[in-house]
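Observations on chain architecture
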Amino acid sequence: MKYFSTNNTELRYSFKEAVIKGLAPDKGLFFPVSIPKLSDAFFKNLPNLSLPEIGFEVAKHFVGDDISDANLREITEEVLNFPIPVVPVEEGISTLELFHGPTCAFKDVGARFMSRCLSAFAKKSQEDVTILVATSGDTGSAVANGFLGVEGVQVIILYPAGKVSKIQEQQLTTMGQNITALEVDGTFDDCQALVKTAFADKELNEKLNLTSANSINIARLLPQSFYYFYAWAQMQPTNKKLVFSVPSGNYGNLTGGLLAKQMGLPIHSFVAAANKNKVVPDYLASGKYEPKASVQTISNAMDVGTPSNFARMMEMYQDRHADVIKDVNGAWYTDEETEEAMLDVYNRTKYILDPHGAVAYLGLKKYLNVKDELGIFLETAHPAKFKDTVEAVLNTEIKIPDYLQECLGKKKLSFLISKEFNDFKAYLLKID
Ligand SMILES: *Cc1c(COP(=O)(O)O)cnc(C)c1O
């Protein structure tokens, strides 16, 4: 499979090039030149396949020869080693729980897959790579955890001192092994500026083989299609149509679902569910796309005003609004509505929604026709990650999963640096 850039559909890149580069040289996003249709035999057998088997069967079309089949099988088995169950919530509505990975968020799937792909390339070329990640909290821990113990890859995370939550800081600073945390005396923007300057620094690049682990990496997007197949498989047999509602920020998760549908998975439709950052629901309603500055909400992982995967959505539908809205309905909700949904679902069913899942639940309720449809909303984070909000809304205590609890008790290990590039560079040159 070859890839092009959403800014230039003429040039061709291999999967390996696309993964290592992250972003195309013209700043476009990598996208496969064609989306493979999976065979009837695959769909017939799908209900019998395990999640790693599904991952392999789907991924091989996109990876091609860049990773051998045997290696790709190992990768999908290692990456998808936690459950992703469909759990019934109420009549006609279930949730796909994507939060059973190491950092309790759906980003674990993409981050782990990308890390193994980069490791496979590093091993082949026998050159170690160094990943630099600036984080304001959540993404950093999923990425760092994805790379934990992965051979041939060193990870350096930069986070702003005093500006991430306690649990996030513990997740970033207690991993050890090949993961180093740098606490920057500055803001998230300072961290990002340091990373950008490092990528432009010739000496550092030559010495450390710098790579980014950006959220727009194609190797983070692809695996986000696997679990739609797995969810569909878990719902069989049924003669009802399936509708997925996806709590969205950068729209990578939804794009994964659209990809699965274009590969032939019989999904009837999607709901693009947003909080007050509603540029995509607005686009679906009006046909006009108007990026905006983001506003803060309780579903903060979705606080995105300029969703990066919108370009990929447009690529899939050739910018045809009329076609997009055949597959995708838009909905958005305020924090008050989100909290009401959390409380209502808890009171009726005892199921605990996190704020992101609650937005998706609401979107599903808006569009689902229970007569002939089954609805699945994606739960993207464990409610314990948003403990304060969830406990305040439900007026009950929630249990922190053991592995999160464990990291709270570990000793923090980080290096404090200033926001001056020269300090950062001196540090990087020392570690070799
Ligand atoms: C990142 C994230 C989202 C948004 O996913 P996108 O792929 O960016 O749309 C939703 N919920 C949680 C908990 C997240 O961490």
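The name given to the protein in an unreviewed UniProt entry is Threonine synthase, and the organism recorded there is Paralabilibaculum antarcticum. As recorded by UniProt, the Catalytic activity (unreviewed entry) comment attached to the protein reads in full: "O-phospho-L-homoserine + H2O = L-threonine + phosphate". The heading Sequence similarities (unreviewed entry) in the UniProt record of the protein holds the text "Belongs to the threonine synthase family."

Residues in close proximity to the ligand total 14 residues, the closest being Lys107, Gly249, Asn250, Tyr251 and Thr380. Within the backbone of Gly252, one N or O atom sits 3.1 Å away from an oxygen atom of the ligand. Separating a nitrogen atom of the ligand from a side-chain N or O atom of Thr380 is a distance of 2.8 Å. When isolated, the ligand has an accessible area of 380 Å², and the protein chains bury 95% of it.

With their axes 9 Å apart at the nearest point, helix α3 (residues 51-63) and helix α4 (residues 69-79) run at an angle of 135° to one another. Here α4 runs oblique to α3, going by the angle between their axes. Here α3 and α4 pass one another in a crossing that is right-handed. Facing Pro52, Gly55, Phe56, Glu57, Ala59, Lys60 and Val63 of α3, the residues of α4 in contact are Asp69, Leu72, Arg73, Thr76 and Glu77.

This part takes up unusual backbone geometry. Of all residues except glycine, most have a negative phi; of all peptide bonds, most are trans. At the junction of Gln236 and Pro237, the peptide bond is cis and its omega measures out at -5° in the coordinates. Turning to its location among the elements, Pro237 is positioned in the loop between α11 (226-235) and β10 (241-247). Positive phi outside glycine occurs at Tyr251, with the angle close to 65°. Note that Tyr251 resides in the loop between β10 and α12 (252-262). Despite not being glycine, Gln318 has its phi angle at roughly 50°, a positive value. Summarising the element assignment, Gln318 is placed in the loop between α14 (310-316) and α15 (321-327). Looking at Gln318, the relative accessible area reads 48%, which means it is partly exposed.

As a further point, take the sheet that holds strand β2 (residues 8-13). The antiparallel open sheet is built from 3 strands, whose spatial order is β2-β1-β3. Unpaired on one side and paired on the other, β2 and β3 (30-32) mark the two borders of the sheet. On average, each strand axis in the sheet is tilted by 40° relative to the strand beside it, whichever way the strands run. Bridging between strand β1 (residues 3-5) and β3 involves 3 bridges; their strand directions are antiparallel. When the bridges of β3 are listed, Tyr3 appears paired with Pro32.

This part covers the sheet that holds strand β13 (residues 373-379). Spatially, the 6 strands line up as an open sheet ordered β4-β5-β13-β10-β11-β12, and their pairing is mixed. Only two strands of the sheet have a single partner each, and these edge strands are β4 (86-90) and β12 (328-332). On average, each strand axis in the sheet is tilted by 25° relative to the strand beside it, whichever way the strands run. Sheet topology places β10 next to β13; 5 bridges connect them, and they run parallel. Pairing of Ser245 across the sheet is with Phe377, part of β13. Against the sheet, α12 contacts β10, β11 (269-274), β12 and β13, and its axis sits at roughly 175° relative to β11.

Criteria and thresholds
- Residues numbered from 1 in each chain as written.
- Predicted model: local features only at pLDDT ≥ 70, side-chain atom pairs only at ≥ 80, totals over all residues.
- Heavy atoms only, no water.
- UniProt positions renumbered as here; feature names shortened; annotations may be inferred.
- Near = heavy atom within 4 Å.
- Polar contact = N/O pair within 3.5 Å; in protein donor to acceptor, adjacent residues only side chain to side chain.
- Areas by Shrake-Rupley, 256 points an atom, 1.4 Å probe, with all protein chains shown as cover.
- Axes fitted to C-alpha atoms, helices over the stretch in contact; angles between N-to-C directions.
- Helix = DSSP H or I, 4+ residues; strand = E, 2+ residues; numbered from the N terminus.
- Parallel < 35°, antiparallel > 145°, perpendicular 65-115°, else oblique.
- Left-handed = near helix turned anticlockwise from the far one by under 90°.
- Contact = heavy atoms within 4.5 Å.
- Buried < 20%, exposed > 50% of the residue type's maximum accessible area, 1.4 Å probe, protein only.
- Pairing = 2+ DSSP bridges.

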